[in-house]
Amino acid sequence: MNPGIKKTVYAVFDIGKTNKKLILFDEDQQIINEELHVCTDVLDDDGFVCDHLPRLTEWVLDHWKQLRHHPHYTVKGVNFTAYGASWVHLGADGQPMLPLYNYLKPMPADIETKFYAELSQSPEEFAADTCSPRLGLLNSGLQLYWLKYAKPEKYAQIHTSLHLPNYLSYLISGEKFSDFTSIGCHTALWDYKRNDYHEWVYREGIDEKLAPLTRDSIASVVDGIMVGVGLHDSTSAVMPYLAENDEPFVLVSTGTWSVTINPFNSNALTPELLRRDCLSFMTPRGEATRAARVFLGREHDYQVERIAAHFHVKPDFYRSIVLARPYDEASAGFRPACMAGTGPFPDQPAEEWDLSGFRTASDAYQHLMHGLINILLESIHLVWQGEKTIFVDGGFARNPLFMQTLSWNFPKAEIRTLEVPQATALGALVHLEQGEALKKTQPLFTDEDDMPLAAVRNEVSPVSK
């Protein structure tokens, strides 16, 4: 790089439950730098573990300041992606006034009972209308309800509640917005049938605590830098695939949970689909996207440990197996131990899979893979509409037996692995570049004084009350 010439970059703050990352991309969407921060948990005001919000805030602002004055980079835009179901509650002074409560925190049974008793419909109908299985505080809207009745004095002091990605944007832009990807992800806030907040949100006055919804990805232009609104990490991870493919596809994102996402299936969920672990994500434009999940990675790892112990082999024995065997009836005997109450067969109890009939660890693993694929197929078919391309990413994309066996079950579809480095962060960048600021005709960036030449106003969705 020539002295005095700065490289133009985009920055993405990618905030996970464990790791917080700042990733820099060049103008060709190539990663040029990555910084990792591990934020130590603290206890909230009830003694339950949660993220350390002041430390996270300080880390974001410190790194933003460094970027703004970096000797080698000129920042063109910044966006944010973060885990969902988490609120930052701001007081009248615009500062956080409560902990970043953990979505795994138990919801008091009496308050949850009160919530569902006051609905004008059954819990099953409510779950279908809001695409929100009953998940306690993982339905983030219920956190506001809980605060209203469990901590009324603190609730009364809340001026605005922002989902975590939108709070990160607010730190830099000073603008308060809600985005559809955060509002629409199993929050119990959004009525997918009415395309509006659910009636309970208005009845309880929760809407008065929420920032305006925006369909644009740009919150503002600050000192010539586009500042994104932020988005939920699950939606963000799909964005790179949508950007690169014109034809409909399904994405099977594998890990501890394997989530099958069909961005082209916007059909409403039924109580039965919800019971079988389907859910809906929301696109940045407010459109529904159907997904289905199964506890595949956890089950795989648990059974691999059992096989290794049973046959006295190393835990990574399966990595040397590269050719899948055709299905046989012995595979029908597989019984999962970690999936009870989840996935496409929620009523199937946890059982111990009998390994005594297998001669070798390799033999058992072949049947394990068929057994897992059989369950995954049920999950995929809950969202698949005959799309000709199925992408697989995550750990199982590198498992040859998994890929071969999956391919056999979709003979008319192309099974592809498209490993996208830092897909979630890249999705936030793709989202930023789709913003309205890029369509303006007036110059957005300044010369040497680095002051904004034009203000950018967001398109705010009309949400009736």
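Because the structure is a prediction, the values reported are computed rather than measured.

(A) Structural context of the overall build of the chain. Looking only at helices and strands, the chain features 15 helices and 21 strands. In terms of overall dimensions, the chain is globule-like: its C-alpha atoms have a radius of gyration of 23 Å, near the 23 Å expected for 465 residues. Taking the principal axes of its C-alpha atoms as reference, the chain extends roughly 75 × 65 × 40 Å. When each of the 465 residues of the chain is scored for burial, the buried share is 56%. If you take every contact in the chain between residues at least 6 apart in sequence, the share linking residues at least 24 apart comes to 73%. Summing over all exposed atoms, the chain offers an accessible surface of approximately 20200 Å²; the carbon and sulfur share of this is 50%. Each charge class in the chain can be summarised by its mean position, and for the 41 positive and 61 negative side chains these summaries are 1 Å apart.

(B) View of the packing of aromatic side chains. Considering all chains together, one arrives at 27 aromatic pairs under this definition. For the ring pair Phe115 and Phe126, a centre distance of 5.6 Å and an interplane angle of 70° mean the geometry is edge-to-face. A residue pair is termed long-range when its members are at least 10 positions apart, and Phe115 in helix α2 (residues 109-117) and Phe126 in helix α3 (residues 123-130) qualify at 11 residues. On the basis of relative accessible area, Phe115 is assigned to the buried category, the value being 0%. Overall, Phe126 belongs to the buried group, its relative accessible area being 1%. Here Tyr167 and Tyr170 contribute two aromatic rings whose centre-to-centre distance is 6.4 Å and whose plane-to-plane angle is 40°, an arrangement assigned as tilted.

(C) Layout of empty space enclosed by the protein. By the definition in use, this model includes 1 cavity of 30 Å³ or more. In this model, the largest cavity occupies a volume close to 50 Å³. As for the largest cavity, its lining consists of Val294, Pro336, Met339, Thr342, Gly343, Pro344, Phe345, Gln348 and Ile375. Taken together, the residues of the lining of the largest cavity break down into 6 nonpolar, 3 polar and no charged.

(D) Structural view of unusual backbone geometry. In this model, Ala85 sits at a positive phi of 55°, which is unusual for a non-glycine residue. Relative to the helices and strands, Ala85 resides in the loop between β6 (73-82) and β7 (87-90). Here Ala85 falls in the buried class, since its relative accessible area comes to 5%. Positive phi values are uncommon outside glycine, yet Cys131 reaches one of about 50°. With respect to the helices and strands, Cys131 occurs in the loop between α3 and α4 (140-150).

(E) Structural context of the environment of Ile31. Along the chain, Ile31 turns up in strand β3 (residues 31-38). Classification of Ile31 by relative accessible area gives partly exposed; the value is 35%. In this structure the C-alpha to C-alpha distance between Ile31 and Tyr10, which are 21 residues apart in sequence, comes to 9.5 Å. Those residues in contact with Ile31 that lie beyond four places of it in its chain are Ile23, Leu24, Phe25, Pro421 and Gln422.

(F) Inspection of the side chain of Ser182 at higher detail. Topologically, Ser182 is positioned in helix α7 (residues 180-183). Polar side-chain contacts of Ser182 include one of 2.8 Å to the side chain of Asp179. Look past the residues within four positions of Ser182 in its chain and what remains in contact with it is His163, Pro165, Asn166, Thr187 and His232.

(G) Region of the structure containing the UniProt feature "domain: Carbohydrate kinase FGGY N-terminal" (unreviewed entry) in the chain. Taking the numbering used here, the UniProt-annotated feature "domain: Carbohydrate kinase FGGY N-terminal" (unreviewed entry) corresponds to residues 10-200. In this annotation, residues 10-200 is assigned 35% helix and 26% strand; the end-to-end C-alpha distance for the span is 40 Å.

(H) Main features of the sheet that holds strand β19 (residues 288-294). On the basis of which strands lie adjacent, the open sheet formed by 6 strands has the order β18-β19-β17-β16-β20-β21 and mixed pairing. Strands with a single pairing partner mark the edges of an open sheet, and in this sheet they are β18 (278-282) and β21 (414-417). Averaged over all pairs of adjacent strands, the angle between their axes in this sheet comes to 25°, without regard to strand direction. Two elements, β18 and β19, share 5 bridges in a ladder whose sense is antiparallel. Bridging from a neighbouring strand, Leu279 pairs with Ala291 of β19.

(I) Fine view of the side chain of Asn265. For Asn265, the position within the fold is in the loop between β17 (258-262) and α11 (271-275). By relative accessible area, Asn265 is classed as buried at 2%. A distance of 3.1 Å separates a polar side-chain atom of Asn265 from the backbone nitrogen of Asn267.

(J) View of the pairing of β6. Of all 10 residues in β6, 8 are buried; the element is thus mostly enclosed. Two strands pair when backbone bridges link them, and strand β1 (residues 7-15) and β6 are joined in this way by 9 bridges, in the parallel orientation. Along β6, the bridge assignment pairs Lys7 with Tyr73. With 2 bridges connecting them, β6 and strand β14 (residues 225-228) associate as parallel partners. Of the residues in β14, the one forming a bridge with Gly77 is Met226.

Rules used in this analysis
Residues numbered from 1 in each chain as written. Predicted model: local features only at pLDDT ≥ 70, side-chain atom pairs only at ≥ 80, totals over all residues. Heavy atoms only, no water. Helix = DSSP H or I, 4+ residues; strand = E, 2+ residues; numbered from the N terminus. Rg over C-alpha atoms; globule rule 2.2 N^0.38 Å. Buried < 20%, exposed > 50% of the residue type's maximum accessible area, 1.4 Å probe, protein only. Contact = heavy atoms within 4.5 Å. Areas by Shrake-Rupley, 256 points an atom, 1.4 Å probe, with all protein chains shown as cover. Lys, Arg positive; Asp, Glu negative; His and termini not counted. Charge placed at Lys NZ, Arg CZ, Asp CG, Glu CD. Phe/Tyr/Trp six-rings, centres within 6.5 Å; stacked < 30°, edge-to-face > 60°. 1 Å grid on protein atoms, 1.4 Å probe; cavity = no way out; pocket = protein on both sides within 12 Å on 5 of 7 lines; lining within 4 Å. Points joined across faces, edges and corners; volume = space filled by probe spheres on them. Nonpolar A, V, L, I, M, F, W, Y, C, P; charged D, E, K, R; others polar. Polar contact = N/O pair within 3.5 Å; in protein donor to acceptor, adjacent residues only side chain to side chain. UniProt positions renumbered as here; feature names shortened; annotations may be inferred. Pairing = 2+ DSSP bridges. Axes fitted to C-alpha atoms, helices over the stretch in contact; angles between N-to-C directions.

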